[in-house]
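# Close look at the chain arrangement
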Amino acid sequence: MGTLGGAGLAAAAGRARTVGMEGDRLASQARSSGLPAGGATGESPGVDAPLLGGSGSSALLQAQVLDLDEDEDDLEVFSKDASLMDMNSFSPMMPTSPLSMINQVKFEDEPDLKDLFITVDEPESHVTTIETFITYRIITKTSRGEFDSSEFEVRRRYQDFLWLKGKLEEAHPTLIIPPLPEKFIVKGMVERFNDDFIETRRKALQKFLNRIADHPTLTFNEDFKVFLTAQAWELSSHKKQGPGLLSRMGQTVRAVALSMRGVKSRPEEFMEMNNFIEIFSQKINLIDKISQRIYKEEREYSDEMREYGPIHLLWSASEEDLADTLKGVASCIDKCCKATEKRMSGLSEALLPVVHEYVLYSEMLMGVMKRRDQIQAELDSKVEALMYKKADADLLTEEIGKLEDKVECANNALKADWERWKHNMQNDIKSAFTETAEENIHYYEQCLATWESFLASQTDLHMEETSEDKPEAH
């Protein structure tokens, strides 16, 4: 990535303006002809075959659970005919600046242009009389015109990330917000948190911010911009500008009431989507548990194997005739231990975080479906009130019209983000398992070559000793 040069920024901005104006023109033509903004069909060329689907027991890890072949129709849960429509038409809060079109209008002969780079690093421990917490440095580099500068540096704690996630869910209730890592409570850590815990969280927080930055709608959220650019006191002041406590309590009570009421008739496509989420949640949780168990067993195996090298070296000191052989065995064990450590490092970095992130994604998806149902339930309640209440009919009719638009907007946003999420999910999990498989192949090849070389040397040595012991022929 590197630092963005002035010439590169100017070129990117110029190209963005050209793309934006062309995008506005195409969108205007589409609206005038009655077509969706995404084109004549509104379909996306993206891969939309889900990773997991179908029914069956989750007690066993079937081979098809890990099958990532896009041609496997039997794994389809959600229809391939769902169109990936233009995100800009769903969220009234999304700016219509030319630069915002850069993620939605693509040139076939040019790569995608990335104009927002975020790094999370340098965790610092803070100890007060009340609490101990960690802050992280966040460096943002951008070429977007709506930012006052091309580079920002701020420090944020985990609670700030929670605030951002909440604001994104509030502004875009049916978009799939990236998950945050769980908030672990580390007992006994007064002066500092565990280093491994801090590093794991740092990586997860960086992925969270970069997923938002890569999202075609969330990346232009105003609260996200404030999070990246405002100093601590400015962020604190911005947080206080939200609705008051009573207002938030009222919204919570209404949301609970609507969730208890439920929806009378959920559209078929969202029934299929909900079924997919339930099956996906079961299977990804199963994969996560199996992966964690494999890692634990590998760790125990590595710890035990590490003890055998020194044992064979001690043994060689008391067996003069077997000294070279025992030292060779100790050397092979040491090499295999190092290869195992490397393999486990790859497992903990390539597979485990990806699988667990999608466990958290499955929980987020359930929340998104719940919020969609709440919006529809609100519409259903107004329609029912209009049927039994003749007074204020005009006011109810107006409210129903607004709610119908709100439901349609929410449904379209979810359908579009759903296709995008499935595409990313399949690529992420496929890459994780492919990389893990390649690491395993390399590991076993390395260990096999180590022992084969040792055994070959012992065979040659034995043949030499045998030939020397044979009596000379007269």
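Computed from a prediction, not measured in an experiment: that's the story for all the values here.

Conventions adopted
Residues numbered from 1 in each chain as written. Predicted model: local features only at pLDDT ≥ 70, side-chain atom pairs only at ≥ 80, totals over all residues. Heavy atoms only, no water. Helix = DSSP H or I, 4+ residues; strand = E, 2+ residues; numbered from the N terminus. Buried < 20%, exposed > 50% of the residue type's maximum accessible area, 1.4 Å probe, protein only. Contact = heavy atoms within 4.5 Å. Areas by Shrake-Rupley, 256 points an atom, 1.4 Å probe, with all protein chains shown as cover. Salt bridge = Lys/Arg side-chain N within 4 Å of Asp/Glu carboxyl O. Axes fitted to C-alpha atoms, helices over the stretch in contact; angles between N-to-C directions. Parallel < 35°, antiparallel > 145°, perpendicular 65-115°, else oblique. Left-handed = near helix turned anticlockwise from the far one by under 90°. Lys, Arg positive; Asp, Glu negative; His and termini not counted. Phe/Tyr/Trp six-rings, centres within 6.5 Å; stacked < 30°, edge-to-face > 60°. Lys NZ or Arg CZ within 6 Å of the ring centre and 35° of its normal. Nonpolar A, V, L, I, M, F, W, Y, C, P; charged D, E, K, R; others polar.

Turning next to the overall build of the protein chain. Looking only at helices and strands, the protein chain features nine helices and three strands. Listing every helix and strand of the protein chain by position from the N terminus yields α-β-β-β-α-α-α-α-α-α-α-α. Within the span of the protein chain, comprising 474 residues, buried residues form 40% of the whole. Considering only contacts in the protein chain between residues 6 or more positions apart, those separated by 24 or more positions represent 76%. Roughly 27000 Å² of accessible area belongs to the protein chain as shown, and the carbon and sulfur atoms make up 54% of that amount.

Residue Glu122 is not a glycine yet carries a positive backbone phi of 45°. Relative to the helices and strands, Glu122 is located in strand 1 (residues 116-127). Among the residues examined, Glu122 registers a relative accessible area of 43% and is labelled partly exposed.

As a further point, take the pattern of salt bridges. Enumeration according to the criterion identifies 21 salt bridges in this entry. Glu341 is the salt-bridge partner of Arg306, the closest N and O atoms lying 2.5 Å from each other. Of this pair, Arg306 sits in helix 7 (residues 268-318) while Glu341 sits in helix 8 (residues 323-388), and the two are 35 residues apart along the sequence. Classification of Arg306 as partly exposed rests on a relative accessible area of 39%. A salt bridge links Asp373 to Arg372; its shortest N-O distance comes to 3.0 Å. Of the two residues, Asp373 and Arg372, neither departs from the other in class, the shared state being buried.

Before going further, it helps to spend a moment on the side chain of Arg372. Relative to the assigned elements, Arg372 resides in helix 8. Residue Arg372 is classed as buried on the basis of its relative accessible area, which comes to 1%. In this view, Arg372 contacts Thr174, Arg266, Pro267, Phe270, Asn411 and Leu414; residues no more than four positions away in its chain are not counted.

Packing of helix 2 (residues 158-171) against helix 3 (residues 195-214) brings their axes to within 12 Å, and their N-to-C directions diverge by 30°. Comparing the axis directions of helix 2 and helix 3 gives the class roughly parallel. Crossing geometry of helix 2 relative to helix 3 is assigned as left-handed. Residues Tyr158, Phe161, Leu164, Lys165 and Leu168 of helix 2 form the contact with helix 3, whose participating residues are Arg201, Leu205, Phe208, Leu209 and Ile212.

Take Asp223: it is sitting in helix 4 (residues 222-229). No salt bridge is formed by the buried Asp223. Its closest oppositely charged neighbour is Lys167, at 4.5 Å. If we ignore the near neighbours within four places in the chain, the residues touching Asp223 are Trp163, Leu164, Lys167 and His238.

Counted by the stated rule, this structure contains 12 aromatic pairs. A ring pair is formed by Phe280 and Trp421, whose centres lie 5.4 Å apart and whose planes are at 85°; its orientation type is edge-to-face. Of this pair, Phe280 sits in helix 7 while Trp421 sits in helix 9 (residues 393-469), placing them 141 residues apart in sequence. Accessibility assignment for this pair places Phe280 and Trp421 in one class, buried. Connected via pairs of aromatic rings, a cluster forms that spans Phe276, Phe280, Tyr358, Tyr361, Trp418 and Trp421. Cation over ring: Arg157 sits above Phe133, and NZ or CZ is 3.8 Å from the ring centre.

Another point: the packing of helix 2 against helix 4. At a minimum axis distance of 9 Å, the contact between helix 2 and helix 4 shows a crossing angle of 165°. In terms of axis orientation, helix 2 runs roughly antiparallel to helix 4. Of the two possible hands of crossing, helix 2 and helix 4 adopt the one that is left-handed. Contact with helix 2, carried on its side by Asp160, Phe161, Trp163, Leu164 and Lys167, involves Asp223, Phe224 and Phe227 of helix 4 and no other residues of that element. Taken together, the residues of the contact of helix 2 with helix 4 sort by class into five nonpolar, no polar and three charged.

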